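# Structural description and commentary
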Amino acid sequence: MTAPLKLLVRRTPNRGAAEGVSVAVDVPADVRFIEEAVELLARHCFAGAAPCQRTSFRLRVLLAESLTNSILFGAGGDPSRSVHVAVQVNAESIRLEITDDGPGFDPAEVPDPTSPEGVGRPIGRGLFLIKNLADQVGFNPQGNTIWMTLPRS
Amino acid sequence: MSFTRTTNAAGVAIVGIDGQLIVGNRQELKALVQDGLDRGERKFLIDCSKTGYIDSSGLGALVSLSKKVREANGELRIAGLNEDLRALFELTKLDTLFFISPNATEALAGF
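Basis of the calculations
Residues numbered from 1 in each chain as written. Chains lettered and ligands numbered in written order. Predicted model: local features only at pLDDT ≥ 70, side-chain atom pairs only at ≥ 80, totals over all residues. Heavy atoms only, no water. Helix = DSSP H or I, 4+ residues; strand = E, 2+ residues; numbered from the N terminus. Expected span 1.5 Å × (residues − 1). Buried < 20%, exposed > 50% of the residue type's maximum accessible area, 1.4 Å probe, protein only. Core = buried A, V, L, I, M, F, W, Y, C linked by side-chain atoms within 4.5 Å. Contact = heavy atoms within 4.5 Å. Pairing = 2+ DSSP bridges. Buried area = accessible area lost by both parts, 1.4 Å probe. Salt bridge = Lys/Arg side-chain N within 4 Å of Asp/Glu carboxyl O. Polar contact = N/O pair within 3.5 Å; in protein donor to acceptor, adjacent residues only side chain to side chain. Nonpolar A, V, L, I, M, F, W, Y, C, P; charged D, E, K, R; others polar. Axes fitted to C-alpha atoms, helices over the stretch in contact; angles between N-to-C directions.

## Observations concerning helix α1 (residues 34–45) of chain A
Between the first and last C-alpha of α1(A) there are 16 Å, a value that for twelve residues agrees with the 16 Å anticipated at 1.5 Å per step. Those residues of α1(A) that sit buried are Ile34(A), Glu36(A), Ala37(A), Val38(A), Leu40(A), Leu41(A), His44(A) and Cys45(A).

Encoded structure:
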């Protein structure tokens, strides 16, 4: 389904000594926006770069899974609320940060979907994929912001 | 982004995913397979040869459909995963849950 609105991206050069650009976008908490947001952010992340297929796939998974979690579980899928995405891009790496206005969660309590009991469950693979495909993953203490890094090449 | 559906001479329902299987369209796939089950179909092949991306919700939809089909004494097979998607199935150990073939022809042999 095509989203009815266009997302507005703010792109600014990084301040100070840091090279590169910062990209920010607010995504309405509606899963129909995820595809558009992922495409848009991928274009900004890889502008002027020639990433390998594996890197572009990883970026897509990280963005799609973290947006899905924030939209559905953080913001309750309520389109009047939004999820904030902040991306920092430099020559070598990409840092993604996704924040929702929900109460947060404890990532340590998410069960392993590859355990014998977990593999047959229809849910619970998003965070597992993020942890396995990002170079680094972290959360704020409240658990409503996730950040991830990956290479840009 | 769409789904195609055909039935071969052996009565296997072949569902093609053209584009992506994601949180926004997984219910459409579930409805398509459920309709087949309601009509008495028991063999399903999910053809991913034109599928660029499956997110965790899409993986979850395939898991629940496979369970549903199995409970009706049927079987759901998957074919044509690209290299990235195959890696996702292996990472999540879903390759142990599904009969996965490199292409539809191989999946249909002996189905």
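Continuing now.
## Some words on the nonpolar core
One finds Leu96(A), Ile46(B), Ile78(B) and Phe89(B) to be the most contacted residues of the largest nonpolar core, which totals 69 residues. If sequence neighbours within four positions are ignored, Leu96(A) has contacts with Leu59(A), Leu62(A), Leu63(A), Ala86(A), Val87(A), Ile146(A), Trp147(A), Met148(A) and Leu150(A). In terms of nonpolar packing, the next biggest core, distinct from the first, is built from seven residues, Val12(B), Leu45(B), Ala79(B) and Phe111(B) among them.

## Focus on the pairing of strand β4 (residues 93–99) of chain A
Residues and elements named next belong to chain A. Every second residue of β4 is oriented toward a common face, the buried set being Ile94, Leu96 and Ile98 and the non-buried set Ser93, Arg95, Glu97 and Thr99. Here strand β3 (residues 82–89) runs beside β4; their pairing, made up of six bridges, is antiparallel. Residue Gln88 lies in a different strand from β4, and its bridge partner there is Arg95. Linking β3 back to β4 in an antiparallel pair, the connection comprises three residues. For β4 and strand β6 (residues 145–151), the ladder comprises seven bridges, and the chain directions are antiparallel.

## Structural notes on the interface of chain A and chain B
With 25 residues of chain A at the interface, the matching set in chain B holds 24 residues. Buried surface at the junction of chain A and chain B, both sides included, amounts to about 1,900 Å², of which 66% is carbon and sulfur. For the chain A face of the interface with chain B, the top three residues by lost area are Phe57(A), Val119(A) and Arg125(A), together amounting to 27%. Scanning the region where chain A abuts chain B turns up zero salt bridges. The interface formed by chain A and chain B contains four residue pairs in polar contact (both at pLDDT 80 or more). Sorting the residues of the side of chain A that touches chain B by element identifies α1, α2 (53–74) and α3 (126–133) of chain A as the ones contributing at least two each. If one sorts the elements of the side of chain A that touches chain B by residue count, α2(A) sits on top with nine residues. Its residues placed into classes, the side of chain A that touches chain B shows 13 nonpolar, six polar and six charged.

## As for the sheet that holds β4(A)
Residues and elements named next belong to chain A. Taken together, the six strands give an open sheet; going across it, the order is β1-β2-β3-β4-β6-β5, and neighbouring strands pair in antiparallel fashion. Of all the strands in the sheet, the pair left with one neighbour each is β1 (9–13) and β5 (136–139). Sheet twist, expressed as the mean angle between neighbouring strand axes with direction ignored, is 15°. On top of the sheet, α2 reaches β2 (21–28), β3, β4 and β6; it is set at about 175° to β6, its chief contact.

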